[in-house]
Amino acid sequence: MRSSYKKEDVCLLLKDITGLVEPLPTQEREKLIQSGRHYSEMLPVEYVPSQKYMEAYEEALKNYAALTAAAVGRLSDRIMEKKGEDAVLVSLARAGTPIGILIKHYIQKKYNVSLPHYSISIIRGRGIDDCAMEYLLKRYRPKQLLFVDGWIGKGAILKELTKDMEAYPGVSSEIAVIADPANMTELCGTHEDILIPSSCLNATVSGLISRTFYREDIIGTEDFHGAAYYGELVDSDLSYGFIEAIEKEFLMENPPEETSVFGPGIEEAEEIAETFQISDINFIKPGIGETTRVLLRRIPWKVLIDEKHRKDPALAHIIRLAEEKNVPIENYPLRHYKACGIIRKLADA
C-alpha cells in the first residue's frame, strides 16, 4: 500500500485500491448508509479544509502538541511496563497509524528499542481484517500483538475487537489509545477528552490514505482490506509536520495523569440518545475526535458542547466547522466528554 509514510515507520497491511472506486460526496454516501449500505463499501470525497479551518488546525497543533506528547509518553511507558520490548504495535488504520508512529518513535528514543509497527483495518460491523491477522500470526506470537488507536469515543471498535479476538486465542483485545474519555482501557495516555490535533484532518495527516474499504467485488478472499492513496493531495500533506510537531514536545519524564473518570462513557451516550430520541446509538458520536469526524465526513444534525468548555481552545475547530456547515451548537451537560456530534437522520431532513 502506497502512503507518504517512511517504510521504516510503518508497514501498511492494506490493498491499494486507488482508481478502482469512485469517491462519493457526503450527502450521497449518507443517504446510502442510512438506507442500509455499509459505510465500508464506499469512499468519501476527501474534505478540503478551508483557510479558516486550517488556521484552527495550526492553532490546535500549537496549543495541544505538548499535551498530546505527554499523553504519548505516558502511554508508551505503560506499553513497555505491560508488554516490554517484545511488543508489536498494530495500529488501526487510519486514525491509529500516526499514533503508532509516535509511540514507536518515543520508545525508540527513551528505551532504545525499535518495535515493529503494522497498520491493519478493522471495520465496525465487518470486523478485523483476517488476512492481516494471519500475516501477523505467521510472524509473531499472539501475546506480542498490541492494538493501537487514536482515542476511544464510546467503545464501538473495542467491542468489535473483543468479539473478533475470540477467533484468535492469546491475542489481547486490549487497545492502547492516547485519550480514553470513555473510561474503557487502562492503556491510555489520559482519560481526559483532549484534542489530538490529527483528529482535525483526514488523509492529509494520515499518510495520504483513505479510510479503509471492504467490498467483495474488489477485495478477494485472500486480499487485505483496501484503501486508496490520494496522490493529488501531496502538496497539502501534513503527515510528518504533525508527527514532528508532537515529537518536539517529547519529555522523557511525563507529568502523572490527573483526570479520573467514573463509569463507562457508553452510558452517557445512551442518555444522550434517549434525551434526543435517537433510536440508533451509532448516530451519537461523543468526544472531540468523534465530533470532528461527524463534521468532516457525515451529515451532522447538531453538536453538543458542555457550557463550561464553550471557550476551551480545544473546541475552536469544532465551532468553526459547525459554523461553516450551519450546524447548530447546543449547550448540554457532559460528564466524560467536552463535545458530542449527532448525525442527522436523513428521513427527517
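Each remark here, short or long, concerns the structure printed above.
Novice: Report on the packing of aromatic side chains, specifying residues and quantitative values.
Specialist: In total, this model carries seven aromatic pairs according to the counting rule given. With centroids separated by 5.0 Å and ring planes inclined at 85°, the aromatic side chains of Tyr 106 and Phe 250 adopt a geometry described as edge-to-face. Taken together, the positions of Tyr 106 in helix 3 (residues 96-111) and Phe 250 in the loop between helix 6 (239-247) and helix 7 (265-275) put the pair 144 residues apart, joining distant regions of the chain. Residue Tyr 106 shares its accessibility class with Phe 250, and that shared class is buried. Their ring planes at 85° and their centres at 6.0 Å tell us that Phe 276 and Trp 301 sit as a pair that is edge-to-face. Here Phe 276 is found in the loop between helix 7 and strand 11 (284-286), whereas its partner Trp 301 is found in strand 12 (residues 300-305), with 25 residues between them in sequence. Look at Phe 276 and you get buried, because its relative accessible area is 14%. A network of ring pairs unites the aromatic residues Tyr 118, Tyr 135, Tyr 140 and Phe 224 as a single cluster. Lying over the aromatic face of Tyr 240, Lys 6 brings its terminal NZ or CZ to 4.9 Å of the ring centre.

Novice: Any details on the nonpolar core? Residues and values, ideally.
Specialist: Ranked by size, the top nonpolar core spans 63 residues in total, and within it Ile 79, Ile 103, Phe 242 and Ile 246 carry the most contacts. When contributions to this core are tallied by element, the ones reaching two or more residues are helix 2 (51-82), helix 3, strand 7 (145-151), strand 8 (175-179), helix 6, helix 8 (288-297), strand 12 and helix 9 (316-324). The biggest single contributor to this core is helix 2, with twelve residues. Among residues more than four places away in sequence, those in contact with Ile 79 are Gly 84, Ile 103, Ile 107, Leu 146, Ala 176 and Leu 187. The next biggest cluster of nonpolar side chains, apart from the first, holds 25 residues, and it includes Ile 122, Ala 132, Met 133 and Ala 182.

Novice: Can you tell me about the environment of Glu 244, naming the residues and giving the values?
Specialist: Among the secondary structure elements, Glu 244 is positioned in helix 6. With 142 residues separating them along the chain, Glu 244 and Leu 102 place their C-alpha atoms 9.0 Å apart.

Novice: Explain the packing of helix 2 against helix 6 residue by residue, including any values.
Specialist: Contact geometry for helix 2 and helix 6: axes closest at 8 Å, N-to-C directions at 45°. Considered as vectors, helix 2 and helix 6 are oriented oblique to each other. Crossing hand, helix 2 versus helix 6: right-handed. Along its contact with helix 2, which presents Tyr 57, Leu 61, Ala 65, Thr 68 and Ala 69, the element helix 6 presents Phe 242, Ala 245 and Ile 246. The residue makeup of the contact of helix 2 with helix 6, split by class, is seven nonpolar, one polar and no charged.

Novice: Describe the pairing of strand 7, listing the residues and the values that go with them.
Specialist: By the criterion of burial, strand 7 is predominantly enclosed, with seven of the seven residues buried. One ladder, built from four bridges, connects strand 3 (residues 88-92) with strand 7; its direction is parallel. When the bridges of strand 7 are listed, Ser 91 appears paired with Val 148. The sheet contact formed by strand 7 and strand 8 spans four bridges and is parallel. Within the sheet, the bridge partner assigned to Val 148 lies in strand 8 and is Ala 176. As for the winding sense of the linkage, the β-α-β connection from strand 7 through helix 5 (residues 156-164) to strand 8 is right-handed.

Novice: Go over the sheet that holds strand 3, please, and point to the residues and values.
Specialist: One open sheet accounts for six strands, arranged 1-4-3-7-8-9; its pairing is parallel. Pairing within the sheet leaves two strands with one partner each, and these edge strands are strand 1 (11-12) and strand 9 (188-190). Lying over the sheet, helix 2 contacts strand 7, strand 8 and strand 9, oriented at roughly 145° with respect to strand 9. Of the strands in this sheet, strand 3, strand 7 and strand 8 are in contact with helix 5, which crosses strand 8 at around 170°.

Novice: Explain the sheet that holds strand 13 (residues 329-331) residue by residue, including any values.
Specialist: Taken in spatial order, the four strands of this open sheet run 11-14-12-13, and their pairing is mixed. Only two strands of the sheet have a single neighbouring strand rather than two, namely strand 11 and strand 13. Pairs of neighbouring strands in the sheet enclose a mean axial angle of 25°, with direction left out of account. As defined by bridge partners, strand 11 adjoins strand 14 (residues 339-343) across three bridges and the pair is classed as antiparallel. Each residue of the ladder has a partner; that of Pro 286, found in strand 14, is Cys 340.

Rules used throughout
- Counting restarts for each chain: residues are numbered from 1 in the order of the written sequence.
- Since the coordinates come from a predicted model, pLDDT governs what is reported: local features require at least 70, and pairs of side-chain atoms require 80 or more to be given and counted, while whole-chain, interface and lining totals use all residues.
- Water and hydrogen atoms were dropped before computing side-chain values, which therefore reflect all heavy atoms in the structure.
- Note on aromatic pairs: the rings of Phe, Tyr and Trp (six-membered ring only in Trp) are paired at centre separations within 6.5 Å, and the planes decide the class, stacked below 30 degrees, edge-to-face beyond 60, tilted for the rest.
- Secondary structure is summarised from DSSP: a helix means a run of H or I of at least four residues, a strand means a run of E of at least two, and numbering begins at the N terminus for each.
- When a residue's accessible area, from a 1.4 Å probe over protein chains only, is under 20% of the maximum for its type it is buried; when over 50% it is exposed; and in between it is partly exposed.
- We count a charge as sitting over a ring when the NZ of a lysine or the CZ of an arginine lies within 6 Å of the ring centre and within 35 degrees of the ring normal.
- We define a nonpolar core as any set of buried Ala, Val, Leu, Ile, Met, Phe, Trp, Tyr and Cys residues linked to one another through side-chain atoms lying within 4.5 Å.
- Only heavy atoms enter the contact rule, under which two residues are in contact if any of them lie within 4.5 Å.
- As a rule, the C-alpha atoms of each element are fitted with a line to give its axis, helices using only the stretch in contact, and angles between N-to-C directions run from 0 to 180 degrees.
- An angle below 35 degrees is read as roughly parallel, one above 145 as roughly antiparallel, one from 65 to 115 as roughly perpendicular, and any other as oblique.
- What makes a crossing left-handed is the near helix being turned counterclockwise from the far one by less than a right angle; a clockwise turn instead makes it right-handed.
- Polarity classes work like this: nonpolar for Ala, Val, Leu, Ile, Met, Phe, Trp, Tyr, Cys and Pro, charged for Asp, Glu, Lys and Arg, and polar for all others, with Gly in that last group.
- Strand pairing is assigned whenever DSSP identifies at least 2 bridges connecting the two strands.
- Handedness of a crossover: with both strands directed away from the viewer, a clockwise path from the first strand across the helix to the second marks it as right-handed.

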